Structure formats: C-alpha cells, structure tokens
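# Coordinates in review
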Amino acid sequence: MYKDNLMEKSCNCGGVMTIHMHTLIYSSKIKITHVPVYSCGECGRYEPLPVIKRDLGLLISELGEQPPGRLHLSFADRNEWASVLKDTLAAGTYAGGLPELEELVRKALQGRVDLLLDVYRTAASVSDQKWMEDTEVRLSQLTAHSANSAK
Ligand SMILES: [Zn+2]
C-alpha cells in the first residue's frame with residue numbers, strides 16, 4: 001500500500017528527517033498533540049506528514065472558526081493515521097530502530113484498514129448510512145497517501 005519509506009525522508013539541507021509525534025500550539029493557546037511530522041536532525045526543520053496534511057488543515061480551519069472550550073486535543077482522535085502511529089509508538093521499544101518501526105507501522109496500518117473494512121461491512125449489513133460514511137472517512141485517512149503519490 002505504501003511504497004515509500006514512511007519513517008524517514010531526506011531534507012533540503014541534505015540531512016535526514018525522521019518521524020516524530022509533534023505537539024502544535026495553535027493561536028498560542030490551543031495545544032494539539034500527536035501530530036505526525038518529519039523533523040530534520042541537522043537543521044531542525046519539520047513538516048507534517050503528507051498523509052495527514054489535509055486533515056490537519058481541516059482541524060486548523062475548524063479551530064479558527066470556532067475556538068473550542070478545551071485547550072488541549074489529540075490529533076490521534078481525529079485521524080486514523082496518527083492514531084495508528086500513536087498506538088505503535090506506545091506499544092513499546094523497537095530494538096531494530098527505524099526499520100523495525102517502519103515494519104510495525106506498516107503492519108498496524110494494514111491491520112487498521114482490515115478492521116475498518118470489517119466495520120464497514122457490518123455497517124452496510126445493517127444499512128447504517130451514517131456509520132458507513134464515518135467508516136469511509138476513516139479509511140480514506142489511511143489511503144490518502146497512496147492517492148497523493150499517484151499524482
Ligand atoms: Zn535539514
């Protein structure tokens with residue numbers, strides 16, 4: 001499903017960017033945790049993963065229109081990809097380093113897709129339109145990356 005290396009990419013400065021969970025502070029008061037980013041060990045630049053950019057943009061524009069009562073939210077609650085990465089990172093140590101993490105994340109992503117497909121079938125079997133749409137959105141969050149790289 002994902003051809004490129006997910007856990008790292010090269011930076012414009014020539015350094016290596018590796019995956020991290022980042023905490024964004026929006027409007028200097030709203031804290032958004034669990035935002036997957038690539039960050040460069042050489043120059044310190046960071047950027048959101050392409051696969052989550054659209055969702056992150058949506059979240060930011062929602063916050064802009066309607067500041068929420070609470071000041072702390074987790075991006076993993078809104079985005080399946082961030083959720084899978086968060087669970088994988090929380091599951092423990094990976095002695096094999098990034099290559100091992102890469103494999104774990106790929107497996108976890110595939111597992112989540114399979115799970116959501118099961119959920120979708122269940123929703124369809126009871127003709128629950130809302131549930132089916134919700135599940136479709138979640139699936140698209142996991143597959144947006146391959147769609148984007150096909151462009
Ligand atoms: Zn750099």
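The preceding data block contains the structure.
Residues numbered from 1 in each chain as written. Predicted model: local features only at pLDDT ≥ 70, side-chain atom pairs only at ≥ 80, totals over all residues. Heavy atoms only, no water.

### Some points on the coordination of the zinc ion
Rule in force here: Here a donor is any nitrogen, oxygen or sulfur atom (N, O, S) within 2.8 Å of the metal, with 3.2 Å used for Na, K and Ca; water is not among the atoms considered, so some sites may look incomplete. The rule is simple: four donors are tetrahedral if all their angles sit between 85 and 135 degrees, four are square planar and six octahedral if opposite donors span more than 155 degrees and the others lie between 65 and 115, and anything that fits none of that is irregular.
For the zinc ion, the full set of protein donor atoms is Cys-11 (SG), Cys-13 (SG), Cys-40 (SG) and Cys-43 (SG), at a range of 2.3 to 2.4 Å. Around the zinc ion, the four donor atoms sit at angles spanning 106 to 116 degrees, and that spread fits a shape best called tetrahedral. The motif formed by the donor residues of the zinc ion, counted along the single chain, is C-x1-C-x26-C-x2-C.

### Digging into the environment of Ser-27
Counted only if it meets this: Helix and strand definitions follow DSSP, with helices as H or I runs of at least four residues and strands as E runs of at least two, each counted in order from the N terminus.
With respect to the element layout, Ser-27 can be found in the loop between strand E2 (16-26) and strand E3 (30-40). Sequence separation of Ser-27 and Ile-60 is 33 residues, and the distance between their C-alpha atoms is 9.8 Å.

### Quick word on the side chain of Asn-79
Stated formally: Exposure categories follow from relative accessible area, calculated using a 1.4 Å probe and restricted to protein chains: below 20% of the type maximum is buried, above 50% is exposed, and the middle band is partly exposed. Identification of polar contacts relies on pairs of N or O atoms within 3.5 Å, with a donor-acceptor requirement for protein atoms, meaning one able to donate a hydrogen and the other able to accept it, and with residues adjacent in sequence counted only if both atoms are side-chain atoms. In this description, contact between two residues means that some pair of their heavy atoms is separated by no more than 4.5 Å.
By the secondary structure assignment, Asn-79 is in the loop between strand E5 (72-74) and helix H2 (80-90). Of the residues examined, Asn-79 reaches a relative accessible area of 2% and is grouped as buried. Only 3.1 Å separates the side chain of Asn-79 from the side chain of Asp-55, close enough to count as a polar contact. A polar side-chain atom of Asn-79 sits 2.9 Å from the main-chain amide nitrogen of Ala-82. Here Asn-79 is in contact with Ile-52, Asp-55 and Gln-141, once residues within four sequence places are set aside.

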